[in-house]
Amino acid sequence: MNEMTMSQRPSYLVVDSPYELPRWRPLVNWVLYIPHVIILYALQILARAVFLIYWLVLIFTGRLNSGLYSMMAMYERYNARASGFLVGWSQTYAPFEFTTDPSDNNSYPAVRLNLPAVPESVPRSAALNVLKAIPHYILLMIYFVGAAVVAIISWFAVLFTGVWPQGMRAFLVRVSNYQYRIWTYVTMVDNDYPKFGLPPA
């Protein structure tokens, strides 16, 4: 596979919603988010267990299992939608939907997550991606700290102005897309080594 730059890859996460929203949203959305937290906790446990099986299947068969991959993609999309509602990217409540198709079905237009399909062939050596990605995860943790600070500041901005700061929202989307780029590498559906740093807006 020829190396593809970050700018050539489409954005995995796309947020398409107005920046304006009611000022009371930061005070209420976290309460409405609680049911999703419970479901996400269960889905995260499932996704981690599935990844181990998925990884072992590659080791022993030399192929990626699309069904197992789709289950992991389901967790990522559910998390993206629920988190998008939490931070106020949509006033519409995130659906309790468990679609396993890696491509987004556009049932929650404000927050869409499109993930690559499983390639036809992958070398067994791709199993090492999970180790090679460790430096990226260390950098990602730093970005997550910054993203948490930005999210809190943005919530106060919404509380007082009723508008999401555009630059701050763009930063959070870029952090998320860096995370998903690493995720596609670790799940071995895109085996070009990721570039360090945030993708372009």
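Computed from a predicted structure; not experimentally measured.

Parameters and conventions
Residues numbered from 1 in each chain as written. Predicted model: local features only at pLDDT ≥ 70, side-chain atom pairs only at ≥ 80, totals over all residues. Heavy atoms only, no water. Helix = DSSP H or I, 4+ residues; strand = E, 2+ residues; numbered from the N terminus. Buried < 20%, exposed > 50% of the residue type's maximum accessible area, 1.4 Å probe, protein only. Lys, Arg positive; Asp, Glu negative; His and termini not counted. Salt bridge = Lys/Arg side-chain N within 4 Å of Asp/Glu carboxyl O. Contact = heavy atoms within 4.5 Å. Expected span 1.5 Å × (residues − 1). Polar contact = N/O pair within 3.5 Å; in protein donor to acceptor, adjacent residues only side chain to side chain. Phe/Tyr/Trp six-rings, centres within 6.5 Å; stacked < 30°, edge-to-face > 60°. Lys NZ or Arg CZ within 6 Å of the ring centre and 35° of its normal.

Chemist: I'd like a rundown of the side chain of Arg169, residues and numbers included.
Modeler: Here Arg169 shows up in helix H6 (residues 166-186). An unpaired buried charge is present at Arg169: no salt bridge exists, and Asp16, the closest side chain of opposite charge, is 6.3 Å distant. Not counting residues within four places of it along the chain, the set of residues in contact with Arg169 comprises Val15, Ser17, Pro18, Tyr19, Trp89 and Trp164.

Chemist: An account of helix H3 (residues 66-86) is needed here, citing residue identities and associated values.
Modeler: The end-to-end C-alpha separation of H3 is 30 Å, in line with the 30 Å expected for 21 residues at 1.5 Å each. Among the residues of H3, the N-terminal cap falls to Asn65, whose side-chain oxygen and the backbone nitrogen of Gly67 are separated by 3.0 Å. Looking at the residues trailing H3, positive phi occurs at Gly88, about 90°.

Chemist: Lay out the packing of aromatic side chains in plain terms, naming residues and giving numbers.
Modeler: Within the structure shown, the criterion is met by 10 aromatic pairs. Arranged with centres 5.0 Å apart and planes meeting at 80°, the rings of Phe85 and Tyr93 form a pair that is edge-to-face. A residue is classified by how much of its surface remains accessible, and Phe85, at 0% relative accessible area, is buried. Ring pairing ties together the aromatic residues Phe51, Tyr54, Tyr69 and Trp183, which thus form one cluster. Over the ring of Tyr19 we find Arg169, and its NZ or CZ is 4.0 Å from the ring centre.

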